[in-house]
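Architecture at a glance
Residue-level listing of the chains:
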Amino acid sequence: MSVPMDRLVRRAINGYITSIGVVAPSGNFNERVIDLSNLGDPEVSGERLVQIVSGEHPPEMLQDASWVETFFMKTPQSIKTPSNQGVSHKIYQYALWIKTDKSLGVTENEYISDLFEMYFPNNLHIPIGDSVITVLSTYQQAVIVADNETGRLFNRVLIDCEVYYKNNN
């Protein structure tokens, strides 16, 4: 059950992240328009186009949008009550790589990273079938770096989560 659960968790989190903001005018489900005025900083406002993809950016990524590349990491299953109807536990880390145009500066990257961090608050519950994913903590990498290959500033938002589920093995 461990590998099917991994797939369910990844799909649930992918579905949740692609519900941020609104669908872009292009109609592409992975292109989202987010509103930075939700951050409460009077110096920053307005909408930004963000393209969300699983894995590293493909060549057809929009150049006039910020990129959010998602990665899913998992740990081995931990069986809490070993029996045919026992309970298993898994911890996951879901990483968002926020890439913004270098010409917009570090502040733009920080604001977009902040918005995604706020979208995954601690103790958020995302239902999946008979189980629930619980976000344990969400945090950012301490340093924003330049990605010279793409001409973008690069930051990570890391989401630690867990799920308990029936062990039907």
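Cut-offs applied
Residues numbered from 1 in each chain as written. Predicted model: local features only at pLDDT ≥ 70, side-chain atom pairs only at ≥ 80, totals over all residues. Heavy atoms only, no water. Helix = DSSP H or I, 4+ residues; strand = E, 2+ residues; numbered from the N terminus. Buried < 20%, exposed > 50% of the residue type's maximum accessible area, 1.4 Å probe, protein only. pLDDT = per-residue confidence, 0-100. Salt bridge = Lys/Arg side-chain N within 4 Å of Asp/Glu carboxyl O. Phe/Tyr/Trp six-rings, centres within 6.5 Å; stacked < 30°, edge-to-face > 60°. Core = buried A, V, L, I, M, F, W, Y, C linked by side-chain atoms within 4.5 Å. Contact = heavy atoms within 4.5 Å. Polar contact = N/O pair within 3.5 Å; in protein donor to acceptor, adjacent residues only side chain to side chain.

This part is about the environment of P121. Looking at the secondary structure, you find P121 in the loop between α2 (105-119) and β7 (125-128). P121 gets classed as partly exposed once you look at its relative accessible area, which sits at 37%. Along the chain, P121 and L136 lie 15 residues apart, while their C-alpha atoms are 8.4 Å from each other.

The pLDDT averaged across the protein works out to 85; a share of 93% of its residues lies at or above 70. Put simply, strand β5 (residues 78-79) is where the protein has its lowest mean pLDDT, 73, and strand β8 (residues 131-140) is where it has its highest, 95.

Before going further, it helps to examine the pattern of salt bridges. Counted by the stated rule, this structure contains 5 salt bridges. One salt bridge in this structure joins D6 and K74, with 3.0 Å as the shortest N-O distance. Here K74 lies in strand β4 (residues 66-74) and D6 lies in helix α1 (residues 2-17), a separation of 68 residues in the sequence. Take K74: its relative accessible area is 48%, and that puts it in the partly exposed class. When the shortest N-O distance is used, the salt bridge between D6 and K90 registers 2.8 Å.

Tallied over the full model, the rule gives 7 aromatic pairs. Aromatic side chains Y16 and F120 sit 5.1 Å apart centroid to centroid with 70° between the ring planes, which places their arrangement in the edge-to-face category. Remark: F120 occurs in the loop between α2 and β7 and Y16 occurs in helix α1; sequence separation between them is 104 residues. Looking at F120, the relative accessible area reads 1%, which means it is buried. Residues W97 and F154 carry aromatic rings whose centres are separated by 5.1 Å and whose planes lie at 90° to one another, so their mutual orientation is edge-to-face. Remark: F154 occurs in strand β10 (residues 152-167) and W97 occurs in strand β6 (residues 86-101); sequence separation between them is 57 residues. One exposure class covers both W97 and F154, and it is buried.

On to the nonpolar core. Counting residues in hydrophobic clusters, the biggest one holds 32 residues, and the most contacted among them are L96 and F116. In this view, F116 contacts I17, I20, I34, V50, I52, V68, L96 and I98; residues no more than four positions away in its chain are not counted.

This brings us to the environment of Y94. Position of Y94 among the secondary structure elements: in strand β6. Overall, the relative accessible area of 1% leaves Y94 in the buried class. Sequence separation of Y94 and N155 is 61 residues, and the distance between their C-alpha atoms is 14 Å. In this structure Y94 touches I13, N14, I17, T70, F71, F72, V157, L158 and I159, once residues within four positions along its chain are discounted. At 2.3 Å, the side chain of Y94 and the side chain of N14 are in polar contact.

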